[in-house]
Amino acid sequence: LALGNVSVQIKQQGITLWQLGKADRTTQGFAMSERKRNYKSFQETPENLDFYIGKNPTKAWYYAQTKNGSWNIHFDLPDTLRQLRGECILTLGIAGATRNAAPECLVNGTIVDKKAFGNDASIYRSAMLGGYYQQWEIHFEASLLRKQDNVVSFVMKNLKHRAGKMSYAIRLQYNPRQKLIFQDD
């Protein structure tokens, strides 16, 4: 049986480039998450936020994004990665969402996904640590990333009053494409 050249795609977990927060399905560790239940905290989160991986503490990221605006994560790639070929996987653990919040996700200004999360009432009912868990997995071409000055943005538009999303962990992974070539003997 002569197969000729055979190309096999190998699925990998990927290399973690960075992670913000712990994967514990709560907002614990983010700004304001330690507060007792109250009906005003969601009104005190910023419209716009800039977070720098490796420079800001986790507490600089807020438990919930509840206003129209852009929350940005800035980062550089590690020196060991020169040319990125393959895909990146951005995984967000959503600890709760209200009133059909639908953020857009951008990588260096390019929209890579948008998702609506429904309504579990967690934010306006002041469940500070979380509500209904959801996972948002975003795949995009690694070529969108640069060596330095990368920005992943979560942009909220047209939010209703008391709407938003709560995050518990955000992780960016790089999965290089690998092919195995088998040749005839």
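Our subject is the structure that appears above.
As a starting point, this report considers the structure included with it.

The rules we used
Residues numbered from 1 in each chain as written. Predicted model: local features only at pLDDT ≥ 70, side-chain atom pairs only at ≥ 80, totals over all residues. Heavy atoms only, no water. Pairing = 2+ DSSP bridges. Helix = DSSP H or I, 4+ residues; strand = E, 2+ residues; numbered from the N terminus. Axes fitted to C-alpha atoms, helices over the stretch in contact; angles between N-to-C directions. Core = buried A, V, L, I, M, F, W, Y, C linked by side-chain atoms within 4.5 Å. Buried < 20%, exposed > 50% of the residue type's maximum accessible area, 1.4 Å probe, protein only. Contact = heavy atoms within 4.5 Å. Polar contact = N/O pair within 3.5 Å; in protein donor to acceptor, adjacent residues only side chain to side chain. Phe/Tyr/Trp six-rings, centres within 6.5 Å; stacked < 30°, edge-to-face > 60°.

Looking at the sheet that holds strand 5 (residues 69-75)
Ordered by their spatial adjacency, five strands build an open sheet running 3-5-10-7-8, and the pairing between neighbours is mixed. Two strands lie at the open edges of the sheet, namely strand 3 (49-52) and strand 8 (110-114), each paired on one side alone. Averaged over neighbouring strand pairs, the angle between their axes works out to 20° when direction is ignored. Judged from the four bridges that link them, strand 7 (residues 104-107) and strand 10 (residues 150-156) form a sheet pairing that is antiparallel.

What about the nonpolar core?
Membership of the largest hydrophobic core comes to 38 residues, with the highest contact counts inside it found for W18, W61, L90, L145, F154, I170 and L172. Every element with two or more residues in this core is listed here: strand 2 (15-20), strand 3, strand 5, strand 6 (86-98), strand 7, strand 9 (134-141), strand 10 and strand 11 (164-176). Every residue in contact with I170, bar those within four places of it in the chain, is listed here: W18, Q19, L20, W61, I73, L90, T91, L92 and F154.

Here's the deal with the side chain of N108
Take N108: it is sitting in the loop between strand 7 and strand 8. For N108, the side chain forms a polar contact with the side chain of R146, separated by 3.1 Å. Side-chain polar atoms of N108 contact the side chain of N150, separated by 2.9 Å. The contact partners of N108, leaving out residues within four places of it in the chain, are L144, L145, R146, D149, N150 and V151.

Considering the packing of aromatic side chains
Evaluated as defined, the whole model comprises three aromatic pairs. Measuring from centroid to centroid gives 6.3 Å for W136 and F154, while their planes differ by 55°, and the two rings are tilted. One end of the pair, W136, is in strand 9; the other, F154, is in strand 10, with 18 residues separating them in the sequence. An identical accessibility class is assigned to W136 and F154; each is buried.

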